[in-house]
Amino acid sequence: MRNRTVFILIGFVLCLLSKPLNAQIKNTSLRGFPVVFYTEETNFAVGGLGILTFDFENNLSSGKPSQINFGAAYTLEQQLLIYFPYELYLQQNNWRLDGEIGYYRYTYKYYGIGNNTPDSNEETYRVNFPRVQVNALHKVSRNIYAGLSYWFDQYDITNIKSGGLLDTNNPTGTAGGTHSGIGITTVYDTRDNIFYSRSGSYLELQGLIDRSWTGSDYDFFQLSFDARTFHTNSFNHTLGVNFVSKFTGGNVPFQKLALLGGPKQMRGYLEGRFRDKKYLTAQTEYRIPVYKRFSAVAFASVGNVAPELSEFPFTDLKWTVGPGLRYMIDENRKVNIRLDAGFGLGVSGFVLTIGEAF
């Protein structure tokens, strides 16, 4: 019954997409580069990152191009990452479709749940999972979109540390299982450029529920809010400000708790270094053109996690700061390669990818 529900939901989303996707493609541009990296968990890894930008013929005059990002990596530990985040605009911006399709066979770190888990808790676990995320939004008024969302992950946890936290504490989700959630997403977008914003604002509110009737093995909800604003001064320097919150509740698997860190928020912290049911973070970024296609940024962020908002440690926030370097690989679309170095109290990390943090 659960699998039938999943297929019905996926079929419903595909029906939503069939009409707006029936359009020819124009103005295609493909950019990418190879990557080689090494970590203790992966050994040596090789792969590539790239972005395909284009316009649907029924959206040529809108000024908003579509994009499909792609990334892939294979490691000497036989780990595999393949992911395709996408953002599509159609029918004179009357439709906005975004999400991700991917497959992950990878090793992740776990430190426990809460905002004070020590570094000594560190352990690794392996998990395989396919991912499908779709937000199908229709314009309801000027600059405002609303519609349905569907997110699907199917976790197969293949290896956890014997005697470790996952083994002994057995948090919800340790056995793996299917996460299949549906919900509603609303977006307000006045940005001048979706790849490299210099003015305007972006607001996104999303609510998702996982239930047995949606095809999920768990009953929980997720509510997230993402607010961004951009201002450029007379020196052609851009200030960006971003606030993100995520609230979860119910029988939440540890993989679906609110995660602090990663390549977009709290840069410098490993994604999931701290996790709990509630998460708040704010960051600012100052962007400066340097020379031709090169530009530089400085960023700072604060944030934390908590089991409830009433217990949020506003007087003991975690923080990161750092510099970044940009190289514009597509001057027409204004698409950048991004290299960031984030530093906090006892933490540091680097990010190399395509596209801005926000």
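To be clear, the structure that these remarks concern was listed above.
Here the structure is a predicted model, which means the values were calculated and not measured.

1. So, the overall build of the protein chain
Part 1 of the reasoning: In terms of regular secondary structure, the protein chain is built from two helices and 18 strands.
Part 2 of the reasoning: In summary, the protein chain has a C-alpha radius of gyration of 20 Å against a globular reference of 21 Å for 358 residues, a match within 12%.
Part 3 of the reasoning: For the protein chain, buried positions account for 50% of its 358 residues.
Part 4 of the reasoning: Taking contacts inside the protein chain between residues at least 6 apart in sequence as the whole, the part at least 24 apart equals 58%.
Part 5 of the reasoning: For the protein chain, the exposed surface amounts to about 16900 Å²; the carbon and sulfur share of it is 58%.

2. Some words on the environment of Val-187
Part 1 of the reasoning: As for its position among the elements, Val-187 is in strand E8 (residues 177–189).
Part 2 of the reasoning: The exposure class of Val-187 is buried, given its relative accessible area of 1%.
Part 3 of the reasoning: Expressed as a C-alpha distance, the spacing of Val-187 and Ala-296, which sit 109 residues apart in the sequence, is 29 Å.
Part 4 of the reasoning: Those residues in contact with Val-187 that sit more than four places away from it in its chain are Arg-96, Leu-137, Asn-143, Ile-144, Tyr-145, Tyr-202, Leu-203 and Glu-204.

3. Details of unusual backbone geometry
Part 1 of the reasoning: A positive phi angle is found at Gln-91, which is not glycine, with a value near 50 degrees.
Part 2 of the reasoning: For Gln-91, the position within the fold is in the loop between strand E4 (80–90) and strand E5 (95–110).
Part 3 of the reasoning: In this model, Lys-334 sits at a positive phi of 65 degrees, which is unusual for a non-glycine residue.
Part 4 of the reasoning: Locating Lys-334 in the fold gives a position in the loop between strand E16 (318–330) and strand E17 (335–344).
Part 5 of the reasoning: The exposure class assigned to Lys-334 is partly exposed, which follows from its relative accessible area of 34%.

4. Brief notes about the nonpolar core
Part 1 of the reasoning: If you look at the biggest cluster of nonpolar residues, it comprises 16 residues, and the most contacted ones within it are Tyr-110, Tyr-125, Val-127, Phe-129, Ile-157, Leu-166 and Phe-254.
Part 2 of the reasoning: At the level of elements, E5, strand E6 (123–141), strand E7 (144–159) and helix H2 (165–169) are the ones that each hand at least two residues to this core.
Part 3 of the reasoning: Sequence-distant contacts of Leu-166, defined by excluding residues within four places in its chain, comprise Tyr-110, Glu-123, Tyr-125, Ile-160, Pro-171, Thr-174 and Phe-254.
Part 4 of the reasoning: Judged by nonpolar contacts, the second largest core, of 15 residues, contains Leu-49, Tyr-89, Ile-194 and Ile-354.

5. Looking at the pattern of salt bridges
Part 1 of the reasoning: Within the structure shown, the criterion is met by 21 salt bridges.
Part 2 of the reasoning: In this structure, the salt-bridge partner of Arg-333 is Asp-55, at a minimum N-O distance of 3.1 Å. Residue Arg-333 is located in the loop between E16 and E17, and its partner Asp-55 is located in strand E2 (residues 43–56); the two are separated by 278 residues in the primary sequence. An identical accessibility class is assigned to Arg-333 and Asp-55; each is buried.

6. Comments concerning a nonpolar patch on the surface
Part 1 of the reasoning: Together, Val-290, Tyr-291, Phe-294, Leu-325, Tyr-327, Leu-339 and Leu-352 line one region of the surface with nonpolar side chains, adding up to about 660 Å² of accessible area.
Part 2 of the reasoning: Elements with a contribution of two residues or more to the nonpolar patch: strand E14 (278–291) and E16.
Part 3 of the reasoning: Looking at the secondary structure, you find Leu-339 in strand E17.
Part 4 of the reasoning: Look at Leu-339 and you get partly exposed, because its relative accessible area is 39%.

7. A short note on the side chain of Ser-180
Part 1 of the reasoning: Position of Ser-180 among the secondary structure elements: in strand E8.
Part 2 of the reasoning: A distance of 2.9 Å separates polar atoms of two side chains, one belonging to Ser-180 and the other to Tyr-150.

8. Details of the pairing of E2
Part 1 of the reasoning: Here strand E1 (residues 25–39) runs beside E2; their pairing, made up of 13 bridges, is antiparallel. The partner of Val-35 across the bridge, within E2, is Gly-47.
Part 2 of the reasoning: Counted along the chain from E1 to the antiparallel partner E2, the turn is three residues long.
Part 3 of the reasoning: Both E2 and strand E3 (residues 66–75) contribute to a ladder of ten bridges, which runs antiparallel. Bridging from a neighbouring strand, Thr-53 pairs with Gln-67 of E3.

9. Brief notes about the pairing of E17
Part 1 of the reasoning: Extensive coverage of E17 is indicated by the burial of eight of its ten residues.
Part 2 of the reasoning: Pairing analysis gives eight bridges linking E16 to E17, with the strands arranged antiparallel. When the bridges of E17 are listed, Arg-326 appears paired with Arg-338.
Part 3 of the reasoning: Taking the residues between adjacent antiparallel strands as the criterion, E16 and E17 are bridged by four residues, where Lys-334 takes a positive phi near 65 degrees.
Part 4 of the reasoning: With eight bridges connecting them, E17 and strand E18 (residues 347–354) associate as antiparallel partners. By the bridge assignment, Leu-339 is partnered in E18 with Leu-352.
Part 5 of the reasoning: With antiparallel pairing between neighbouring strands as the criterion, E17 and E18 make up a hairpin whose turn holds two residues, including Gly-346 at a positive phi of roughly 80 degrees.

Calculation rules
- Residues numbered from 1 in each chain as written.
- Predicted model: local features only at pLDDT ≥ 70, side-chain atom pairs only at ≥ 80, totals over all residues.
- Heavy atoms only, no water.
- Helix = DSSP H or I, 4+ residues; strand = E, 2+ residues; numbered from the N terminus.
- Rg over C-alpha atoms; globule rule 2.2 N^0.38 Å.
- Buried < 20%, exposed > 50% of the residue type's maximum accessible area, 1.4 Å probe, protein only.
- Contact = heavy atoms within 4.5 Å.
- Areas by Shrake-Rupley, 256 points an atom, 1.4 Å probe, with all protein chains shown as cover.
- Core = buried A, V, L, I, M, F, W, Y, C linked by side-chain atoms within 4.5 Å.
- Salt bridge = Lys/Arg side-chain N within 4 Å of Asp/Glu carboxyl O.
- Patch = residues over 30% accessible without salt bridge, like charges linked within 9 Å, V, L, I, M, F, W, Y side chains within 5 Å.
- Polar contact = N/O pair within 3.5 Å; in protein donor to acceptor, adjacent residues only side chain to side chain.
- Pairing = 2+ DSSP bridges.

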